[in-house]
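# Breakdown of the fold
One-letter residues, chain by chain:
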Amino acid sequence: MTRSFIQEIKRRRVPQIMGLYFGASWGIIQFVDWLVKRYLLSDALTDAVLVTLVSLAPAAFLLAYNHGAPGKDPWKRFEKIGVPANLAVTMILLGLLFHGKDLGATSQTIRVTDEEGRTVERVVPKESFRRRLAVFFWENASKDSELDWLQYGLPDMLTKDLAQDPYLSPWIPYQDFNRSAFDRLVQAGYPTGIGAPVGLKRRIASESHLDYFVDGRIDRTGDQIALEVVLYSTEPARQVGIRTLQGDDPLALIDELTPLLKADLGVPEGSEALANDLPVAEHLSASLEAIQDHVAASNLMLFENDHARAVARWQEAATKDPSFAAAYLQLMGQHVALGETAEAQAVIRKAQQHDYKLSERERFIVRGLDYFLKGDIEKRTALLEMWSELYPDDTQALDYLANAYLWQGNRIDEAIATYRKLYAVDPSQTRVLAQIGRLLTIGGHYEEAIASHSRYAEHHPEEPAPHLNIGYIHRRLGEFEQAERLFEKASLLTTAHVSPHLALSSVDYRQGGIEAAEAHLADATATASTPQATSGVLQAKIAFHQQRGQLQQTMTLVEQLIATQAQYRGPVNVSADIEALKAELWVLAGRTDEALTNMQRMESSFDAPFDRLASIGYMKIYQTAGDAEKLAPAIAEVDALLDTWKRRDLRHHTVYARGMVHELEGRYDEAVTTYREALSLLESSVQSAGGSDQERHMLLLALGRANRLAGDLKAAEAVLREILTSFPAQPDAHLELGQIAKLRGRQQVARQHLEQALAFWDAADPEYQPATEARQLLAQI
């Protein structure tokens, strides 16, 4: 009698064997899942095991069917074909589903040496498992104005709660350096950052190289707060998950939301073993009133850049909760921005006292600032090196370190190497290619620089920046047609940026096209819609009108620049960048006493070491005034300041001033040697990176003048013609060349140079000395 198929598989004990197979499979999956959580392995490992076991079920069935009956069964042909085929299909399936995924550990053990020379061992996440996300402000859909502060407070609490997990790098507009990303919201018509469309938020997240972004909506349901929070992926743009919660305690809502978002983000389970995983009340503050003060202070800075009022609100927050470490973290930065060193150091002590509430990144920042204020720059750099070694895939650590190499040591090659490592770790950080390109211009590595900018352009063909940066290189080389073509291409790619207009203006006025340059400056002025853009326009106008000898107009522009930058920068940074220029202009305008008074006011406004920034202003005053006796000790003061802060990138300023002392004292050969040294220092400094050659022209001019005074007219002419390569209409160079030609008896050549200088100075102020000198020389020919 022929058995049915069901009877046959029963006889062959297939159900029992397959039951054992699936039971064992379930046990294996549970064991692997335990291993994943216990040893922080990739979640994908569990999925891979599940896929493997399910995929191999046909092979298990074949084996059970052929060998499940009592007695020995020979291997049959269908087994010899079916089992290998099933294995091959399984391998192909695993390759398709898990290609490129790390199935091993999500963390790694790192041993490093800290800034004190001690060996430190840490378990840290691998970069491939870290998630970068933006948390935007949320909309209050209720009509209850008492919930308005939660539009900012809830995202801020969520960001800080997520930041406890080392696998996450959350960003919020409060962290926006110079407000560049936040201003994208402002320009689009969302001045409070609320209500922007998802598409705009996705673009901002994409431009900031963030993997995900979070949007949210707040409502009122009876006495409870209702939340709807949506997680989106940036590339490709899609909704990853949506969570709805409600409750009467905002802090508890965030505690409930965080693990849900972490699950949506695929954060490895057990990640809390590497860091704190405390409730919001424990790591931020249990005082809702203190958190409200903290949010109000953050908004004062973001919307109004009001340091004084923000400090007052953060102090109120710290008074209501003396353990509020996040408030101390903000306060110490504000005191530094205001030049209040003693207050900053006192707050640092409080932040360190309660640093158990801070993330490890924040603790690094606190310690780094402490070393900076103490003048221990080497320890600060060592700390950043330790941070980047502990977290070799942490792009923020590498970014901080590269900046330290640049601005506290002028270690160009190490900075480039660090940026290259950052890019290797995260190829999505294409902005690094632009930075590397700028740094490669130092020392004249122009072909490599162009190649780096071109690689950036391949990733971002719609952006004007790479075309501008390559254009700046051609402009420096005197290749104006190529530069202008690139600048025009950049202007066609955007109507919202001022940089193409400013670049085109520079090409025109460097070749003597004053009217065309002014037209481009007017276009830039009309385009500028943010304080940052307006600052860029003002800086370009200052350079333009100062070159033209229009000192009164330049001084007005400098005052406007100070007021504009005060809208988004701290007083110390504004003073450090602008006050020395202002002092120089005041002296040129015959207002030396006023310049000295301004420096004294600045000196008294800041605590040490920031009060010493005034020494740079004093040096510029005495240098411009030609007071060799007072200039020498001022140089020593600035040298000491640069030594303290390891600002080797600025050393050319003091060497240039020392050359001026030699020149004023009639020691022209020594002046030539010293000016050459200053030029060499500048050309190997980060200050020479990018598009501007203003300082280089200044040093070449001084060197040419010193050679003329030393009697080496041939060397003087060669140096001055080097200026004309990238600035053919440069009036000071033409004045010097006119003097040289007159000394050589070449009257017609002298006349041509002097006329070119005066054509550029046709609207110079009557008291502008170089223009007066040019007119007097021309009258003598």
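Because the structure is predicted, anything quoted here is derived from the model rather than measured.

### Observations concerning the overall build of the protein
Scanning the protein from terminus to terminus reveals 37 helices and eight strands. Seen through its principal axes, the protein has C-alpha atoms that stretch 130 × 65 × 55 Å. Counting only residues that meet the buried cut, the protein has 54% of its 781 residues in that class. The contacts of the protein with a sequence gap of at least 6 include a subset with a gap of at least 24, amounting to 60%. With an accessible surface of roughly 34400 Å², the protein has 52% of that area assigned to carbon and sulfur atoms.

### As for the nonpolar core
Of all hydrophobic cores here, the largest spans 168 residues; its most connected members are Trp138, Met157, Leu158, Phe610 and Trp761. By size, the runner-up hydrophobic cluster in this structure holds 32 residues, among which are Met386, Leu390, Leu406 and Leu439.

### Here's the deal with a nonpolar patch on the surface
On the surface, a nonpolar cluster with roughly 400 Å² of combined accessible area is contributed by Ile92, Leu93, Leu96 and Leu97. Take Ile92: it is sitting in helix α5 (residues 77-98). Assessed through its relative accessible area of 54%, Ile92 is described here as exposed.

### Points about the packing of helix α19 (residues 431-440) against helix α20 (residues 446-459)
Two numbers describe how α19 lies on α20: the axes approach to 8 Å, and their chain directions differ by 165°. Between α19 and α20, the crossing angle belongs to the class labelled roughly antiparallel. In this structure, α19 meets α20 at a crossing whose hand is left-handed. For the pair α19 and α20, contact is made by Arg431, Leu433, Ala434, Ile436, Gly437, Arg438 and Leu440 and by Tyr446, Glu448, Ala449, Ser452, His453, Arg455, Tyr456 and His459, respectively. Partitioned by chemical class, the residues of the contact of α19 with α20 number seven nonpolar, four polar and four charged.

### Observations concerning the pattern of salt bridges
Applying the stated criterion to the full structure yields 39 salt bridges. Close ionic contact of Asp211 with Arg132 constitutes a salt bridge, the shortest N to O distance being 3.9 Å. Of the two residues, Asp211 sits in the loop between α8 (198-207) and β6 (212-221) while Arg132 sits in strand β3 (residues 131-135), which places them 79 residues apart along the sequence. Overall, the relative accessible area of 27% leaves Asp211 in the partly exposed class. Residue classification places Arg132 among the buried positions, given a relative accessible area of 11%.

### Thoughts on helix α37 (residues 769-780)
Residues that lie three or four places apart on an α-helix share one face, since the helix turns once every 3.6 residues. With 12 residues, α37 should reach 16 Å at 1.5 Å per residue; the first-to-last C-alpha distance of 17 Å fits that figure. Inspection of α37 places Ala771, Thr772, Ala774, Leu777 and Leu778 among the buried residues, and these make up the whole buried set. Where α37 is buried, its residues meet α35 (731-743) and α36 (747-760).

### Thoughts on the environment of Gln30
One can find Gln30 in helix α2 (residues 14-39). Given a relative accessible area of 37%, Gln30 falls into the partly exposed group. Along the sequence, Gln30 and Leu521 sit 491 residues apart, while their C-alpha atoms lie 68 Å from each other.

### With respect to the side chain of Gln408
In this structure, Gln408 sits in the loop between α17 (395-407) and α18 (412-425). A relative accessible area of 13% places Gln408 in the buried class. Within the local environment of Gln408, its side chain forms a polar contact with the side chain of Arg380, the two groups lying 3.2 Å apart. With sequence-adjacent residues up to four places away left out, Gln408 is seen in contact with Phe372, Ile377, Arg380, Asn403, Trp645, Lys646 and Arg647.

### Observations concerning the side chain of Arg476
With respect to the secondary-structure elements, Arg476 resides in helix α21 (residues 465-476). Apart from residues lying up to four places away in sequence, Arg476 is in contact with Thr441, Tyr446, Ser688, Gly690, Ser692, Asp693, Thr725 and Ser726.

### A word on the packing of aromatic side chains
As enumerated under the stated definition, the model contains 20 aromatic pairs in all. Relative to Tyr675, the ring of Tyr656 lies with its centre 5.7 Å away and its plane at 45°, an arrangement referred to as tilted. Of this pair, Tyr656 sits in helix α31 (residues 651-664) while Tyr675 is found in helix α32 (residues 668-683), placing the two residues 19 residues apart along the sequence. Among the residues examined, Tyr656 registers a relative accessible area of 9% and is labelled buried. When its relative accessible area of 0% is taken as the criterion, Tyr675 is described as buried.

### Thoughts on unusual backbone geometry
Backbone torsion omega between Glu235 and Pro236 reads -5°, so that peptide bond is classified as cis. By the secondary structure assignment, Pro236 is in the loop between β7 (224-233) and β8 (238-247). Omega for the bond connecting Ala608 with Pro609 falls within 30 degrees of zero, at 5°, which places this linkage in the cis form. Note on placement: Pro609 falls in the loop between α28 (592-605) and α29 (614-625).

### Remarks on the pairing of β6
Bridge analysis of β3 against β6 gives three bridges, and the strand direction is parallel. Looking at the pairing, Leu133 lines up with Tyr212 of β6. Inspection of the sheet shows strand β4 (residues 139-140) paired to β6 by two bridges, in the parallel sense. Bridge pairing in β6 links Asn140 to Ile218. Pairing between β6 and β7: 10 bridges, direction antiparallel. The residue bridging Ile218 from the neighbouring strand is Leu227, located in β7. Between the end of β6 and the start of β7, which pair antiparallel, lie two residues, with Gly222 showing a positive phi angle near 65°.

### Some points on the pairing of strand β5 (residues 168-171)
Because side chains alternate across β5, one face comprises the buried residues Leu168 and Pro170, and the other comprises Ser169 and Trp171, equally buried. Where β3 and β5 come together, four bridges link them in parallel fashion. Counterpart to Arg131 in the pairing with β5 is Leu168.

The rules behind these values
Residues numbered from 1 in each chain as written. Predicted model: local features only at pLDDT ≥ 70, side-chain atom pairs only at ≥ 80, totals over all residues. Heavy atoms only, no water. Helix = DSSP H or I, 4+ residues; strand = E, 2+ residues; numbered from the N terminus. Buried < 20%, exposed > 50% of the residue type's maximum accessible area, 1.4 Å probe, protein only. Contact = heavy atoms within 4.5 Å. Areas by Shrake-Rupley, 256 points an atom, 1.4 Å probe, with all protein chains shown as cover. Core = buried A, V, L, I, M, F, W, Y, C linked by side-chain atoms within 4.5 Å. Patch = residues over 30% accessible without salt bridge, like charges linked within 9 Å, V, L, I, M, F, W, Y side chains within 5 Å. Salt bridge = Lys/Arg side-chain N within 4 Å of Asp/Glu carboxyl O. Axes fitted to C-alpha atoms, helices over the stretch in contact; angles between N-to-C directions. Parallel < 35°, antiparallel > 145°, perpendicular 65-115°, else oblique. Left-handed = near helix turned anticlockwise from the far one by under 90°. Nonpolar A, V, L, I, M, F, W, Y, C, P; charged D, E, K, R; others polar. Expected span 1.5 Å × (residues − 1). Polar contact = N/O pair within 3.5 Å; in protein donor to acceptor, adjacent residues only side chain to side chain. Phe/Tyr/Trp six-rings, centres within 6.5 Å; stacked < 30°, edge-to-face > 60°. Pairing = 2+ DSSP bridges.

Shape descriptors only; they carry no functional weight alone.
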